[in-house]
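Residue strings, one per chain:
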Amino acid sequence: MEAPLALAPLLEQTGGVLLAALAAAAVVAPSARTRAYSTLGALALAPALLVGQIHASAQFRPIARHPLVALVAGLVALGLLALAARWLRARPRWFPLVVVAALPFRIPIQSGGTTSNLLVPLYLVIATGALAFFIPRIRASDPEGHADLAPSGTALALIAFVGLYAVQALYSPAEKNAESQLVFFYVPFALLFALLREYEWTRRRALESLGVLTGLAVVLVGIGYVEYATKRVLLNPKVIDTNAFSDYFRVNSLFFDPNIYGRFLAIVMLGLTVVLLWNGSRRVGWACAALLAVLWGGLVLSFSQSSFVALLAGLAVLAARRWDARRTALAVGGVILAGAVFVVAAQGVLKLDLGSASSVNRGTSGRLNLVRGGLRQFGARPVLGFGSGSFAKVYRERHRGSRQTAVSASHTIPVTVAAEQGVVGLVAYLVLVVVTVRGLLRARPPDDPVNAFLLAAFVALVLHTLIYAAFLEDPTTWALLGIAAAYARVPSRPPARAPAVAVP
């Protein structure tokens, strides 16, 4: 027992780096068999690191007290995953539909001293997909013949950012928080990217996925309408407390955060807008318009200003791709100018004093202070930052605030990245955004509807994270990028009898 115990601290320190390395190999390794082994290795290591984090917490005590029961439960879970993988292996066209259906749902779990809202259903889908599509490559006599893909610029940029994040966690004062980010978000979503990238995304597959998302969005908006009618939010005590002391009532449906709820609705609305603009059927157009009206009501009740802005940005991208980019840019510039004039002229109506930092801070729900604090952190350590996942801890220490005073990020992703990872991390983030946008602009002609949606949705997400948070912590980002990487390989005019899926 002494040797494993002696290795435990070393594994705790370097486990995140090893996990990131496995995720990188799963995405960019030239050998299909290497990608398969790396994926399974990441699936095995991630739970081990999680157990290492929570073994001393209250939620692990039932497992420690009843190890045999926990072992049997684990074996049963593995058996169920194997059965689900076998079913999915025979029906690969269902995989993307199950993925998009699982994207929104989160379950609160405590880890690393904090409570995170984790996408447990999506994790199960990712594990099932990995078992279904990657294990056969290990057993195949000629694995190189299967999905031998060259990594795109976006894939390399993603893995570079994740690898850098793992390395910079080694000197972070919030190392456990950084490791949680890797275990719960970056690594499983990298595997999701790898799986979706190898699926053949035709327009039909994209429409089927949009149909699932739309049906899900309508149900979630219906729940939001019920919340507003009853003035009772189902989830998140913070939202409940805010509504009790606010002039307006925000709904979040089954999401823990109204802004993430609004972001989800904005993405679905962009997809419906693409169908509305590119489909010549009047009946389809009226159906899309009706659905957009229903979802717009849900978005309004979320009172998510960041989601409104993200939706408008995405719509501007769609207008530029569908009609004329120059005229769209002029129109957007005019709207921004008019909005700036209105804010300056109507400060009294808006109860905002642009000359007062405290007034602006109140008007932005405390975001000004968070951004200023993040910029001060960046100024203190501009090259390498304070370390991955350290923003909240360093902010509290430097501003002598309570745990509730600081959130997990500055609500402006570039500022968070700069504070935690310095210039090095900021460059990695900017490269990822620029390479992705450039790749989407060049992948297809402007009149391609699927590519137009992918570009509009990515721009909307990036803009949303400039005002809010959760860029690579949101699986939607990885799903969009994985689909974009796969769709770029599909011929502009696909053959009449294209195979349904590229994975074996």
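Being a predicted model, the structure only gives us computed values, none of them experimental. Starting afresh in each chain, residues are numbered from 1 along the sequence in its written order. The predicted nature of this model means local features are confined to residues of pLDDT at least 70 and side-chain atom pairs, given and counted, to a pLDDT of 80 or more, with totals for whole chains, interfaces and linings taken over all residues. Only hydrogens and water are set aside; all other atoms, that is, all heavy atoms of the structure, feed into the side-chain values.

## Regarding the overall build of the protein
Of the regular secondary structure elements, the protein holds 21 helices and two strands. Whether two residues are in contact is decided by their heavy atoms: any pair within 4.5 Å suffices. Within the protein, residue pairs in contact and separated by at least 24 positions form 72% of the contacts whose partners lie at least 6 positions apart. For accessible areas, the Shrake-Rupley method is used with a probe of radius 1.4 Å. Any residue's cover is judged against the shown protein chains and nothing else. A total accessible area of about 24,000 Å² is found for the protein, and carbon and sulfur atoms account for 67% of it. Each helix is a run of H or I in the DSSP string that is no shorter than four residues. Each strand is a run of E no shorter than two, and both are numbered from the N terminus.

## Some thoughts on the nonpolar core
To qualify as a nonpolar core, a set must consist of buried Ala, Val, Leu, Ile, Met, Phe, Trp, Tyr and Cys residues joined through side-chain atoms within 4.5 Å. We call a residue buried when its accessible area falls under 20% of the maximum for its residue type, exposed when it is over 50%, and partly exposed in between, using a 1.4 Å probe and counting protein chains only. One finds Leu122, Tyr186, Phe264, Phe471 and Trp478 to be the most contacted residues of the largest nonpolar core, which totals 115 residues. With 15 residues, the top contributor of residues to this core is helix α8 (residues 175–197).

## Examining the packing of helix α9 (residues 203–230) against helix α11 (residues 258–278)
Fitted lines through C-alpha atoms serve as axes, helices being fitted only where they are in contact, and the angles separating the N-to-C directions of these axes extend from 0 to 180 degrees. Contact pair α9 / α11: the axes reach a minimum separation of 10 Å and the direction vectors enclose 135°. On the basis of the axis angle, α9 is oblique to α11. Here α9 runs over α11; the crossing is left-handed. Contacts from Leu207, Leu210, Leu213, Thr214, Leu216, Ala217, Leu220, Val221 and Gly224 in α9 reach Tyr261, Phe264, Leu265, Val268, Gly271, Leu272 and Val275 in α11. A per-class count over the contact of α9 with α11 returns 13 nonpolar, three polar and no charged. In this scheme, roughly parallel covers angles under 35 degrees and roughly antiparallel covers those over 145, while 65 to 115 is roughly perpendicular and the rest are oblique. The hand of a helix crossing depends on one turn: near helix anticlockwise from the far one by less than a right angle means left-handed, and clockwise means right-handed. Here the nonpolar group is Ala, Val, Leu, Ile, Met, Phe, Trp, Tyr, Cys and Pro; Asp, Glu, Lys and Arg are the charged ones; every other residue, Gly included, is treated as polar.

## Examining a nonpolar patch on the surface
In this scheme, patches are assembled from residues that exceed 30% relative accessible area and form no salt bridge. Like charges are connected within 9 Å, while nonpolar side chains (Val, Leu, Ile, Met, Phe, Trp, Tyr) are connected within 5 Å. Counted as salt bridges are all cases of a side-chain nitrogen of Lys or Arg within 4 Å of a carboxyl oxygen of Asp or Glu. Together, Leu68, Leu71, Val72, Leu75, Val76, Leu78, Leu80 and Leu83 give the surface a local cluster of nonpolar side chains, amounting to about 820 Å² of exposed area. Along the chain, Leu83 falls in helix α4 (residues 67–90). With a relative accessible area of 57%, Leu83 lands in the exposed category.

## Focus on helix α5 (residues 95–102)
The buried count for α5 comes to six of eight residues, which makes it a mostly enclosed element. Every buried residue of α5 is listed here: Phe95, Pro96, Leu97, Val99, Val100 and Ala102.

## Thoughts on the packing of aromatic side chains
Any pair of Phe, Tyr and Trp rings, taking the six-membered ring for Trp, is counted once the centres come within 6.5 Å. Such a pair is stacked with planes under 30 degrees apart, edge-to-face with planes over 60 apart, and tilted for the rest. All chains considered together, the criterion is met by 13 aromatic pairs. Where Phe391 meets Tyr395, the ring centres are 5.8 Å apart and the plane angle is 25°; that geometry is what we call stacked. Separated by four residues within a single helix, Phe391 and Tyr395 lie in helix α18 (residues 391–399), roughly one turn from each other. As far as the burial class goes, Phe391 and Tyr395 line up, both buried. Connected via pairs of aromatic rings, a cluster forms that spans Phe161, Tyr165 and Tyr186. In this analysis the charged atom, NZ for Lys or CZ for Arg, is taken to sit over a ring once it is within 6 Å of the ring centre and within 35 degrees of the ring normal. For the cation-ring pair, Lys231 lies above Phe249, with the distance from its terminal atom to the ring centre recorded as 5.7 Å. A cation over an aromatic ring shows up here: Arg322 above the ring of Trp278, its NZ or CZ 5.3 Å from the ring centre.

## Section: the packing of α5 against α9
Packing of α5 against α9 leaves a shortest axis separation of 9 Å and a crossing angle of 30°. Classified by the angle between their axes, α5 and α9 sit roughly parallel to one another. Judged by the sense of rotation from one axis to the other, the crossing of α5 with α9 is right-handed. Contacts between α5 and α9 involve Pro96, Leu97, Val100 and Ala101 from the first element and Glu208, Ser209, Val212, Leu213 and Leu216 from the second. Broken down by class, the residue content of the contact of α5 with α9 amounts to seven nonpolar, one polar and one charged.

## A look at the pattern of salt bridges
Counting across every chain of the model gives eight salt bridges. Between Arg35 and Glu198 there is a salt bridge, with its nearest N and O atoms 3.7 Å apart. Taken together, the residues span a long stretch of sequence, with Arg35 in helix α2 (residues 32–54) and Glu198 in the loop between α8 and α9 at a distance of 163 residues. By the burial criterion, Arg35 is buried, and Glu198 matches it. Two residues, Arg203 and Asp448, come together in a salt bridge whose shortest N-O distance is 3.2 Å. Pair noted here: Arg203 is in helix α9 and Asp448 is in the loop between α19 (413–443) and α20 (449–467), with a separation of 245 residues, a long-range link. When its relative accessible area of 41% is taken as the criterion, Arg203 is described as partly exposed. With relative accessibility at 4%, the residue Asp448 sits in the buried group. Connected via shared salt-bridge partners are Arg93, Arg204, Arg205 and Glu208.

## Quick word on unusual backbone geometry
Although it is not a glycine, Ser253 sits at a positive phi angle of roughly 55°. Inspection of the secondary structure puts Ser253 in the loop between α10 (237–244) and α11. According to the relative accessible area criterion, Ser253 is buried, its value standing at 0%.

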